[in-house]
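Close look at the chain arrangement
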Amino acid sequence: MHTVSGGEVAGILVAVFWAILVSFLAVALVRLAQTLRATTKLVADVTEQAVPLLADASSAVRSAQTQIDRVDAIASDVQEVTSNASALSTTVASTFGGPLVKVAAFGYGVRRAIAGRKDDVPVREPRRTVIVGRTVPAARRSKRKKG
């Protein structure tokens, strides 16, 4: 029979540990390869879905820019129309405002003159203003009692 020396036992133990370590490393590498394959597939799927989304977003941004340009043009046109309307209003007011005021004042004066010339129209007494909660001064009260 052959006796095994301590060095041979130690060599066998080291070989077994190396085999176990290599087995664990092989399993870890296989799992890492599976993870890398899954990640590659995931990235491919995301890229496949993201490219159309980015194209849609780009077209939406272009469309929004076109609409903003249109709104800007409309706003500048409205501003021009507003300034034109303001200028027209000022022109009409300066052209017709003064003469219309003069005609109205003249008509008022004529009505007052005609109303003042009628003899059969009784003269109206001035209206009195009543203020609730105020008393009439004593000098005015005595005139009212006498009258």
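Per an unreviewed UniProt entry, the protein chain is named Secreted protein, and its organism is Streptomyces davaonensis.

Quick notes on the overall build of the protein chain
Summing up its helical and strand segments, the protein chain has two helices and zero strands in all. The proportion of buried residues among the 147 residues of the protein chain is 0%. Surface exposure of the protein chain reaches about 13900 Å², of which carbon and sulfur atoms provide 66%.

Brief notes about the UniProt feature "transmembrane region" (unreviewed entry) in the protein chain
The sites that carry the UniProt feature "transmembrane region" (unreviewed entry) are, in the present numbering, residues 12-32. Taken end to end, residues 12-32 is 100% helix and 0% strand, and its first and last C-alpha atoms sit 30 Å apart.

Comments concerning the pattern of salt bridges
Enumeration according to the criterion identifies one salt bridge in this entry. A salt bridge links K41 to D45; the nearest nitrogen and oxygen atoms lie 3.7 Å apart. With K41 and D45 both in helix α1 (residues 6-117), this residue pair falls four residues apart, about one helical turn.

Rules behind the numbers
- Each residue is numbered by its place in its chain's sequence as written, counting from 1.
- With the structure being a predicted model, the display of local features is reserved for residues of pLDDT at least 70 and the display and counting of side-chain atom pairs for 80 or more, all residues being used for whole-chain, interface and lining totals.
- To get the side-chain values, take all heavy atoms of the structure and skip hydrogens and water.
- The way it works is that DSSP assigns letters per residue, a run of H or I at least four long becomes a helix, a run of E at least two long becomes a strand, and they are numbered from the N terminus.
- In this scheme, a residue with accessible area under 20% of its type's maximum is buried, one over 50% is exposed, and one in between is partly exposed, where area comes from a 1.4 Å probe on protein chains only.
- Residue exposure ignores everything except the shown protein chains as possible cover, and the areas themselves are Shrake-Rupley values with a 1.4 Å probe.
- UniProt positions are given in the numbering used here, feature names are shortened, and annotations may be inferred rather than shown by experiment.
- A side-chain nitrogen of Lys or Arg and a carboxyl oxygen of Asp or Glu constitute a salt bridge if their distance falls within 4 Å.

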